[in-house]
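# Analysis of the macromolecular model
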Amino acid sequence: MKRLKLFIAGIMVLVQAKAQQPVYEDVPFWQDKSEYVFASQDQTTDMQKVLINRNNVVQILTPTGLVKPNKITIVKQHLYRPLVDMNILDMKLYRDEYMYLTDKAVLSNAWAGTVYVPYDLKGAKTFDGGADFDFLVGSDAALVYVDKNGENGKVKLPKKSSLVDIKYDKDNNGFWVLTNNKLSFYDVKTGKLESKLDGSGFTAFTLMKNHSELTVATTNGYIVYDKGLNKVTQNNSKLPCVQLTSVNEIDGRLWFGSKDGAFMLKDDGKFNYYASRRWLPDDEVRYVSKGKGNSVLVLT
């Protein structure tokens, strides 16, 4: 009987030990996924920019005009017939509506088509809108500020520089101007252009953290410029790919496009990296921007 009692006690101890072990519980989590929309073979592969407006209309800028995704392929944009014959050089979102730069004017189909601001500048490449339908238009050689009353003077850019982008700063009522080797600020009140940062290989930039900082993408990583301190506070080349082509702040997070995929900067300083055919039809990313809902548009 003693052996039997010991044997039973041993079983009881064993069962009790198993009961004390942690029990695994499945926890639901979000899983990223990718959806492709391909261009047909007879279309240009030199697509430049993709945006979505307040009405969830997606448009893609190409050298031969506007195109749009249509289920599984990309087709010509025929929504507004007058745009078909125009030479559209760039497009931006202004108050969440599409604004276009042609070789003659800045215009929009929104606001009942009343926005048409002509300018005189050869070789215009890009632009951005200010506080009240005023615009800064730029070429590699110069900038011109225009509003409803017409042009308000021109400013020359340094020689041997290539204009990359222009972005409006609502806090300072001016425009940040990025060339391939310089970051400058154009003051609307004074009409002067002030150099802020010299460098090389600049490819894109974005205003972030409520316009307190600028992130500048380069061919060798990115730098963060603090407006208040008037200096670079971060220089990061420890990236999945250092040859950056695009950068945008999307829902409070930095997203980068590169020669080898797209990636998002996380709170811990690491990256979510999206490359290869699981995520992208091609790894050379031209542009990244906010999509509908909790999505990101990646143009390759």
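Sequence order as written defines the numbering, with residues in each chain counted from 1. Since the coordinates come from a predicted model, pLDDT governs what is reported: local features require at least 70, and pairs of side-chain atoms require 80 or more to be given and counted, while whole-chain, interface and lining totals use all residues. In computing side-chain properties, one takes all heavy atoms of the structure into account and sets aside hydrogens as well as water.

### Digging into the environment of S246
Basically, it comes down to this: For helices the rule is a DSSP run of H or I covering at least 4 residues; for strands it is a run of E covering at least 2, with both sets numbered from the N terminus onward. Per-residue accessibility, obtained with a 1.4 Å probe over protein chains only, is compared with the maximum for each type, and a residue is labelled buried under 20%, exposed over 50%, and partly exposed between these values. Pairs of residues are marked as contacts when any of their non-hydrogen atoms sit within 4.5 Å. Between N or O atoms, a polar contact is any pair within 3.5 Å; within protein, one atom must be a potential hydrogen donor and the other a potential acceptor, and residues adjacent in sequence are included only when both atoms are from side chains.
Inspection of the secondary structure puts S246 in strand β21 (residues 244-250). Exposure remark for S246: the relative accessible area of 2% places this residue in the buried category. S246 sits 30 residues away from V216 along the chain, and the two C-alpha atoms are 9.2 Å apart. If near-sequence neighbours (up to four positions away) are discounted, S246 is found in contact with A204, W255, F256, G257, R286, Y287 and V288. Within the local environment of S246, its side chain forms a polar contact with the backbone nitrogen of V288, the two atoms lying 3.2 Å apart.

### Details of the sheet that holds strand β14 (residues 174-179)
This is how it is decided: Two strands qualify as a pair provided DSSP detects at least 2 bridges between them. For helices, the axis comes from a line fit to the C-alpha atoms of the stretch in contact; other axes are also lines fit to C-alpha atoms, and the angle between any two N-to-C directions lies between 0 and 180 degrees.
A sheet is described by the order of its strands in space; here four strands give the open sequence β13-β14-β15-β16, paired in antiparallel fashion. A single partner strand is all that each edge strand has here, and the edge strands are β13 (163-169) and β16 (193-198). Averaged over all pairs of adjacent strands, the angle between strand axes in this sheet comes to 20°, irrespective of strand direction. Sheet analysis places β13 next to β14, joined by six bridges and oriented antiparallel. Bridge pairing links D165 to L178 in β14.

### A few points about the pattern of salt bridges
Defined as follows: By definition here, a salt bridge exists when the distance from a side-chain nitrogen of Lys or Arg to a carboxyl oxygen of Asp or Glu is within 4 Å.
Under the criterion given, the structure shown has 17 salt bridges. Between K104 and D103 there is a salt bridge; the shortest N-O distance is 3.8 Å. We classify K104 as exposed; its relative accessible area is 52%. Here the salt bridges do not stand alone but share partners, grouping D46, K259, E284 and R286 into one network.

### Let's talk about the sheet that holds strand β22 (residues 253-258)
Either a parallel or an antiparallel arrangement is found when strands of a sheet pair, and the pairing is made through backbone hydrogen bonds. An order of β21-β22-β23-β24 is seen for the four strands of this open sheet, with the pairing classed as antiparallel. The open sheet terminates on both sides in strands that have one partner only, identified here as β21 and β24 (271-274). Strand-to-strand, the axes of this sheet are offset by a mean angle of 20°, without reference to chain direction. Where strand β23 (residues 261-265) and β24 come together, four bridges link them in antiparallel fashion. Counted as the bridge partner of F263 is Y273 from β24.

### So, unusual backbone geometry
One non-glycine residue with positive phi stands out, namely D96, at about 65°. Tracing the sequence through the fold places D96 in the loop between β5 (88-94) and β6 (97-102). Judged by relative accessible area, which is 48%, D96 ranks as partly exposed. The phi dihedral of S276 falls on the positive side, at around 70°, and the residue is not glycine. Structurally, S276 is set in the loop between β24 and β25 (287-290).

### Considering the pairing of strand β17 (residues 202-208)
With six of seven residues buried, β17 lies mostly within the body of the structure. In textbook terms, the turn of a hairpin is the stretch between consecutive antiparallel strands, and for β17 and strand β18 (residues 213-218) this stretch comprises four residues, one of which, K209, has a positive phi near 50°.

### Description of the layout of surface pockets
Here is the rule we go by: Put plainly, a pocket is an open set of points on a 1 Å grid over the protein atoms alone with protein on both sides within 12 Å along at least five of seven lines, a cavity is a set where a 1.4 Å probe fits but cannot get out, and a lining residue has an atom within 4 Å of a point. Grid points are joined across faces, edges and corners, and a volume is the space filled by probe spheres set on the points. All residues other than Ala, Val, Leu, Ile, Met, Phe, Trp, Tyr, Cys, Pro, Asp, Glu, Lys and Arg, Gly among them, are scored as polar; the first ten of these are nonpolar and the last four charged.
By volume, the largest pocket is sized at about 1700 Å³. Lining the largest pocket are 48 residues, with E35, S295, V296, L297 and V298 sitting closest to its centre. Those elements that provide at least two residues to the lining of the largest pocket are β1 (49-52), β2 (58-62), β3 (65-70), β22, β23, β24 and β26 (296-299). It is β26 that provides the largest number of residues to the lining of the largest pocket, a total of four residues. Of the residues that constitute the lining of the largest pocket, the class distribution is 25 nonpolar, twelve polar and eleven charged. One number sums up the size of the second largest pocket: a volume of about 1000 Å³. Lining the second largest pocket are 32 residues; nearest its centre among them are L93, D96, K167, H211 and N248. Among the elements of the structure, β1, β5, β9 (126-129), β13, β17, β21 and β25 are those that each provide at least two residues to the lining of the second largest pocket. Per element, the largest residue contribution to the lining of the second largest pocket is four residues, and it comes from β5. Here the residues of the lining of the second largest pocket are counted per class, giving eleven nonpolar, nine polar and twelve charged.

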